[in-house]
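The lines below spell out each chain.
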Amino acid sequence: IIQMLADMPPSELAQFMASCAARSAEAERKSTQDDAQAEEGVPPPPGLPPLPPGQRYYAVAKVLRAGRTHGNLHLTVGDMGVQVYEGSKHYKSYGLTQLVSWGSYGDPEDVPPEQHTHLVLTKAKNGKSTEFVAARASEIAAELSKRGKKLAQAMWEADEQAEQASPADAAKIVAEQVELG
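Residues numbered from 1 in each chain as written. Predicted model: local features only at pLDDT ≥ 70, side-chain atom pairs only at ≥ 80, totals over all residues. Heavy atoms only, no water.

Chemist: When you look at the packing of aromatic side chains in this model, what are you seeing that I'm missing?
Modeler: Remark: the centre distance and the inter-plane angle together describe each pair of aromatic rings, the angle taken between the planes. A full pass over the atoms with the stated rule returns 2 aromatic pairs. A centroid spacing of 6.0 Å and a plane angle of 75° characterise the contact between Tyr-57 and Tyr-85, whose relative ring orientation is edge-to-face. Pair noted here: Tyr-57 is in the loop between helix H2 (10-40) and strand E1 (58-63) and Tyr-85 is in strand E3 (residues 81-86), with a separation of 28 residues, a long-range link. Both residues of the pair, Tyr-57 and Tyr-85, count as buried. Note on Tyr-94 and Phe-132: the rings are 6.2 Å apart at their centroids and 85° apart in plane angle, and the pair reads as edge-to-face. Linking Tyr-94 in strand E4 (residues 89-95) with Phe-132 in strand E7 (residues 129-134), this pair joins segments that are 38 residues apart in sequence. Phe-132 shares its class with Tyr-94; the two are buried. (Phe/Tyr/Trp six-rings, centres within 6.5 Å; stacked < 30°, edge-to-face > 60°. Helix = DSSP H or I, 4+ residues; strand = E, 2+ residues; numbered from the N terminus. Buried < 20%, exposed > 50% of the residue type's maximum accessible area, 1.4 Å probe, protein only.)

Chemist: I'm lost on the side chain of Lys-62 in this one. Help?
Modeler: Positionally, Lys-62 belongs in strand E1. Look at Lys-62: it is buried, it has no salt bridge, and the nearest opposite charge is Glu-86 at 9.8 Å. What Lys-62 contacts, discounting residues up to four positions off in sequence, is Arg-68, Thr-69, His-70, Leu-73, Tyr-91, Tyr-94, Thr-130, Glu-131 and Phe-132. (Lys, Arg positive; Asp, Glu negative; His and termini not counted. Salt bridge = Lys/Arg side-chain N within 4 Å of Asp/Glu carboxyl O. Contact = heavy atoms within 4.5 Å.)

This is the structure we're talking about:
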């Protein structure tokens, strides 16, 4: 490719570069438009419940044994964890307090985070991981981290309040916290 560009006459090279710039600008505009639609609350896929502002659905496929996948899944990240839907039915929930870690990686593994296509959720109970393939895996992992920090802060504040409260009030605060988790 480099040799081809070097052999091009200057006028063709300028035309080629302008064409590349136009395609890049169009791709950026489309990406920005897609992001804006996600922020504006595009209606959920047919059959799925509407989401609160700030949440969105991600099309995912669960990775099974032997490299197979279970497709037609949609995942959303809420304040308390992850909800996965198969078609229009609830498939599985992963509570943030039940996960020990989450993250994303790409294929190959050294690609930039924007190109990560695999989301991994690791359960605290048994250390087993569940993996999903998603076009925006790093975005989902970042959303999980944001929501996890928010939940951890709320739990820490509840603990602080319980320590400073009377025994009866402390029991109420702990009971409310248990309902969150």
